[in-house]
Amino acid sequence: MTGPLDISMLPEHAEVGKGGRLAIAGVDVLALCEEHGTPLFIYDEQHIRNRCREAVAAFGGDVAYASKAFFCSEMARVVHAEGMRIDVSTGGELYVALRAGVAPDRLVLHGNNKSDAELSMALKAGVGRIVVDSFDEMDRLDRLCSACSARPAVLVRVTPGVEAHTHEYVMTGQDDSKFGFGLASGAAEEAVSRLEGAQAGPRLVGVHVHIGSQIFALDSYARAIEAIAPFFSTLGVEELCIGGGLGVGYVEGEPTPTFAAWAAVVRAAAADAGIPPEVSLSAEPGRAIVAAAAITCYSVGTVKDLPGIRTYVSVDGGMSDNPRPVLYGSGYEAFLPREAGAFRPRTVTVVGKHCESGDLVVRDAAVPEDLVVGDVLATPVTGAYGHSMASNYNKVPRPAVVWVRDGAARVVVRRETFEDLVGRDL
Ligand code: LLP
């Protein structure tokens, strides 16, 4: 791999200008790094909006954005304005969405261990859907509902016994899972029979299935629908959510399936399985909405050549802004925004600044021959599960997030300061 970066890995409105400098939505990337410092997350806002529109066009207005992939107040407002529901899986995500002004009935509450406080918050706000995940949660919900005579619409989360071909840590559809009610064990049936015909408390409106994340083989969804259909069809409910998980290419050559292709597979499988056309088939993508919308820019601080072994290129971030390489062994591409179209004949290991040997950014990165200390180095496809899983390990302040659109940039999450780092210390 010595060629230039495949430009299709960059956000939709990226452009390599004369001399090779990268601009996104008409904004020069290096100028942004100058102004805001590094590490810096740069998101193409229109890219996010376009993915939301494609998701709504493919699945209809019940489709939800899984906020865990990337969330902040502006993201909540934009996704809401683009007509998606929002999946929140904690009180924190719920709080951000409500505070941003998202209509409560457009929120879907998830979680395998929702607390009394989280459920009460959701009931009080009047969230649109609660996805129930356990019998203990059902007990809790019954008690809280009877205290305030609430009748929230709920979906039952079912694990269909389907193993998606993906990393073990992000597989969720198999029988051995902390999520949902098993189909094979009869737990799913027991859960719905508790809900069916209830005159008070939660109201069953549908079924939810999420088989995992970073799924490229769309037939995994067809198998999940096939598995769930006989059970679903006995219920007479009108919503079937197939969860999230649509895969995104992180390295060259990995294809990114479209929302339209995903929806077509889901629809065909549902029709084959005899699910009536009036049933609302929806989905809950996170990564596929935001991953490719962003790049992360770092500054190169040291280049350490170990002859005959490898060259370490250290950048000013690492596992605190992108833990995915460490957690899942995920691969990324690297390039220099000052010459985004350059050939990359040199192989180096890009590492972060944390006190761990495992603090990898890109294990075998192809980079231009002339990479030097002081360069800005960027990794594409870092819009999902980077900022949202960021930490303050080694007391590194979390990076700023800048959105660009139509030639203008704005900070949507400011960089953390040292003062923020001690803000909660007593
Ligand atoms: N719905 C449910 C119930 C989920 O648990 C998830 C992700 C999604 C939707 C969205 O999945 P997506 O479309 O983003 O794949 N940190 C990992 C991913 C964990 C996903 C957890 N649940 C990573 O960085 O790959």
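Residues numbered from 1 in each chain as written. Predicted model: local features only at pLDDT ≥ 70, side-chain atom pairs only at ≥ 80, totals over all residues. Heavy atoms only, no water.

Student: Explain the site of the ligand to me, please; I cannot follow it from the model alone.
Tutor: Near the ligand lie 18 residues; those nearest to it are Ser 213, Glu 284, Arg 324, Tyr 328 and Tyr 385. Within the side chain of Ser 213, an N or O atom sits 2.3 Å from an oxygen atom of the ligand. Isolated, the ligand exposes 580 Å² of accessible area, and the fraction of that covered by the protein chains is 91%. Considered class by class, the residues forming the shell around the ligand number 6 nonpolar, 6 polar and 6 charged. When residues of the shell around the ligand are assigned to domains, at least three map to each of domain 1 (7–44 + 291–421) and domain 2 (45–289). (Near = heavy atom within 4 Å. Polar contact = N/O pair within 3.5 Å; in protein donor to acceptor, adjacent residues only side chain to side chain. Areas by Shrake-Rupley, 256 points an atom, 1.4 Å probe, with all protein chains shown as cover. Nonpolar A, V, L, I, M, F, W, Y, C, P; charged D, E, K, R; others polar. Domains from an automatic or database assignment.)

Student: Teacher, can you tell me more about the packing of helix α8 (residues 219–233) against helix α9 (residues 259–272) here?
Tutor: A pair of packed helices is captured by two measures, namely the crossing angle of their axes and the spacing between those axes. Running from N to C, α8 and α9 cross one another at 25 degrees; their axes reach a closest spacing of 9 Å. Between α8 and α9, the angle falls in the class roughly parallel. For the pair α8 and α9, the sense of crossing is right-handed. Where α8 approaches α9, its residues Tyr 221, Ala 222 and Ile 225 are matched on the opposing element by Trp 262, Val 265, Val 266, Ala 269 and Ala 270. Split into classes, the residues belonging to the contact of α8 with α9 amount to 8 nonpolar, no polar and no charged. (Axes fitted to C-alpha atoms, helices over the stretch in contact; angles between N-to-C directions. Helix = DSSP H or I, 4+ residues; strand = E, 2+ residues; numbered from the N terminus. Parallel < 35°, antiparallel > 145°, perpendicular 65-115°, else oblique. Left-handed = near helix turned anticlockwise from the far one by under 90°. Contact = heavy atoms within 4.5 Å.)

Student: So what exactly am I meant to see when it comes to the packing of aromatic side chains here?
Tutor: Under the counting rule described, the total for this entry stands at 7 aromatic pairs. Arranged with centres 5.1 Å apart and planes meeting at 75 degrees, the rings of Phe 59 and Trp 262 form a pair that is edge-to-face. Remark: Trp 262 occurs in helix α9 and Phe 59 occurs in helix α2 (residues 45–59); sequence separation between them is 203 residues. A single burial state applies to Phe 59 and to Trp 262, both of which are buried. (Phe/Tyr/Trp six-rings, centres within 6.5 Å; stacked < 30°, edge-to-face > 60°. Buried < 20%, exposed > 50% of the residue type's maximum accessible area, 1.4 Å probe, protein only.)

Student: When you look at the packing of α2 against α9 in this model, what are you seeing that I'm missing?
Tutor: Where α2 contacts α9, the two axes come as close as 9 Å, and the packing angle between them is 20 degrees. Regarding the angle of α2 to α9, the classification is roughly parallel. For the crossing formed where α2 meets α9, the hand is right-handed. Packed against α2, whose contacting residues are Arg 51, Glu 54, Ala 55, Ala 58 and Phe 59, the element α9 presents Phe 259, Ala 260, Trp 262, Ala 263, Val 266 and Arg 267 at the interface.

Student: I tried to follow the side chain of Thr 296 on my own but got confused; where do I start?
Tutor: Within the element layout of this structure, Thr 296 appears in strand β14 (residues 294–306). Among the polar contacts listed, one links the side chain of Thr 296 to the side chain of Thr 382, at a separation of 2.6 Å. The contact partners of Thr 296, leaving out residues within four places of it in the chain, are Leu 40, Phe 41, Asp 321, Leu 377, Ala 378, Thr 379 and Thr 382.

Student: What is the right way to look at the sheet that holds strand β2 (residues 22–24) in this model?
Tutor: In a beta sheet, neighbouring strands pair by backbone hydrogen bonds and run either parallel or antiparallel. If you walk across this open sheet you meet the 3 strands as β1-β2-β3, and the pairing is antiparallel. Bordering the open sheet on either side are β1 (14–16) and β3 (27–28), each of which pairs with just one other strand. Pairing geometry for β1 and β2, over 3 bridges, is antiparallel. Its bridge partner lying in β2, Ala 14 is registered against Ile 24. (Pairing = 2+ DSSP bridges.)

The analysis is restricted to geometry; functional conclusions fall outside its scope.
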